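Understanding the architecture of this molecule
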Amino acid sequence: MDYSKLKIPNHVAIILDGNGRWAKERGMSRSAGHKAGFDNLVELSKHVFKTGVKTLSVYAFSTENFKRSKEEVSFLMNLFKSKFKEYAVELKKENIKVVFSGGRYRPVSDTLLKIIDECEEMTKDCTGGILNICFNYGSHLEIVEAFKRIHKDINDGKISEDDINEDMIYHYMFQDLDPVDFMIRTSGELRLSNFMLYQVSYAEFYFPKTYFPDFNNDEFDKALVEYTKRDRRFGAIDYSK
Ligand code: IPE
Ligand code: IPE
Ligand code: MG
């Protein structure tokens, strides 16, 4: 693929969906689907940065996912516990900084919270791109926490009401990242499921039917071809056309 002929989004967000259905189609357990999804994520994310994308946000576990069975939640927590560190090591080799967005408290275990801190610490000086892992993440939670921090900073005299504007709100999110340019949700579901509601306000959307474990590097390149065709007007009109 000649990436110089494509428009490359600065910030891509992916809702990693369809692990369970991928496994079911193969007569495998949902856990096997999650494992395949995670393995795919490691390969895919390295590829995404090679295409020139600067920030990649991935939805790995939502605040709502705690509604799933004890077995499934515990399998996922153990998977993250055993894989996050190794994943961060891989990304460090590619000079990618790893950050996490989401609630850093119970029901997430102390062991996992410590691993998350270590992944961030280990990669904090990397400059080749940012991988934002959204874990125990909910956009409503993020916005509520941002409101609270803004309120506190006003009370503490650090900022005044006049400092509140559209850009500064990004600084109060879990991570201070650019707006999302391209939002991909695999598996054919057509919803956001509480993902980055503020940040996707002008994103282009893409909903491939592919289940996440099969959403490989070629599928991502196809997504980039589709993104290249989009005419992003941001409300304006190009009268010369
Ligand atoms: C996405 O796959 C992974 C997580 C939400 C953790 P799902 O587990 O939602 O897979 P489906 O949607 O049931 O196929
Ligand atoms: C969204 O997928 C959350 C993640 C991918 C982590 P879900 O599969 O949990 O979302 P719903 O239940 O279909 O909305
Ligand atoms: Mg799902």
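In short, a report on the structure. (Residues numbered from 1 in each chain as written. Chains lettered and ligands numbered in written order. Predicted model: local features only at pLDDT ≥ 70, side-chain atom pairs only at ≥ 80, totals over all residues. Heavy atoms only, no water.)

**A closer look at empty space enclosed by the protein**
Rule in force here: In the cavity and pocket records, a cavity denotes points on a 1 Å grid over the protein atoms alone where a 1.4 Å probe fits but cannot get out, a pocket denotes an open set with protein on both sides within 12 Å along at least 5 of 7 lines, and lining residues are residues with an atom within 4 Å of a point. Grid points are joined across faces, edges and corners, and a volume is the space filled by probe spheres set on the points. In this classification, Asp, Glu, Lys and Arg are treated as charged, Ala, Val, Leu, Ile, Met, Phe, Trp, Tyr, Cys and Pro as nonpolar, and every other residue, Gly included, as polar.
On inspection of all chains with the given rule, the structure shows one cavity of 30 Å³ or more. Quantified by volume, the largest cavity comes out at close to 50 Å³. As for the largest cavity, its lining consists of S101, N132, Y137, E142, Y170, M173, Q175, L177, M196 and Q199. Looking at side-chain class alone, the lining of the largest cavity contains five nonpolar, four polar and one charged residues.

**So, the packing of aromatic side chains**
Threshold: Only Phe, Tyr and Trp rings take part, Trp by its six-membered ring, and two of them pair if their centres are within 6.5 Å. Stacked means planes under 30 degrees apart, edge-to-face means over 60, and tilted covers everything else. As a reminder, the over-ring test applies to NZ of lysine and CZ of arginine, requiring each to be within 6 Å of the ring centre and within 35 degrees of the ring normal.
Tallying each qualifying case throughout the model produces 19 aromatic pairs. In this structure an aromatic cluster arises from ring pairing among F38, F61, F66, F80, F84, Y87, F100 and F135. It is K7 that lies over the ring of Y227; its NZ or CZ is 6.0 Å from the centre.

**Considering the pattern of salt bridges**
Two side chains of opposite charge can pair, provided their charged atoms sit close to one another. As a reminder of what qualifies: Salt bridges, as used here, are contacts in which a Lys or Arg side-chain nitrogen is within 4 Å of a carboxyl oxygen on Asp or Glu. Labels follow the DSSP assignment, with helices taken as runs of H or I lasting at least four residues and strands as runs of E lasting at least two, numbered in each case from the N terminus. Each residue gets one of three labels from its accessible area relative to the maximum for its type: buried under 20%, exposed over 50%, partly exposed in between, using a 1.4 Å probe on protein chains only.
Per the counting criterion, the structure on display carries 30 salt bridges. Here K114 makes a salt bridge to E118, at a shortest N to O gap of 3.3 Å. Here E118 and K114 lie together in helix α4 (residues 110-123), a separation of four residues that amounts to about one turn. The exposure class assigned to K114 is exposed, which follows from its relative accessible area of 54%. By relative accessible area, which is 27% here, E118 ends up partly exposed. A salt bridge links K152 to D156; the nearest nitrogen and oxygen atoms lie 2.8 Å apart.

**A closer look at the pairing of strand β4 (residues 129-137)**
The test is simple: Only strands joined by at least two bridges in the DSSP assignment are considered to pair.
Burial within β4 is extensive, with eight of its nine residues counted as buried. Pairing between strand β2 (residues 55-62) and β4: seven bridges, direction parallel. Its bridge partner being in β4, V58 is matched across the sheet by I133. Bridge count between strand β3 (residues 96-101) and β4: six bridges; the pairing is parallel. Following the sheet pairing, I96 is matched in β4 by G129.

None of this, on its own, says anything about what the molecule does.
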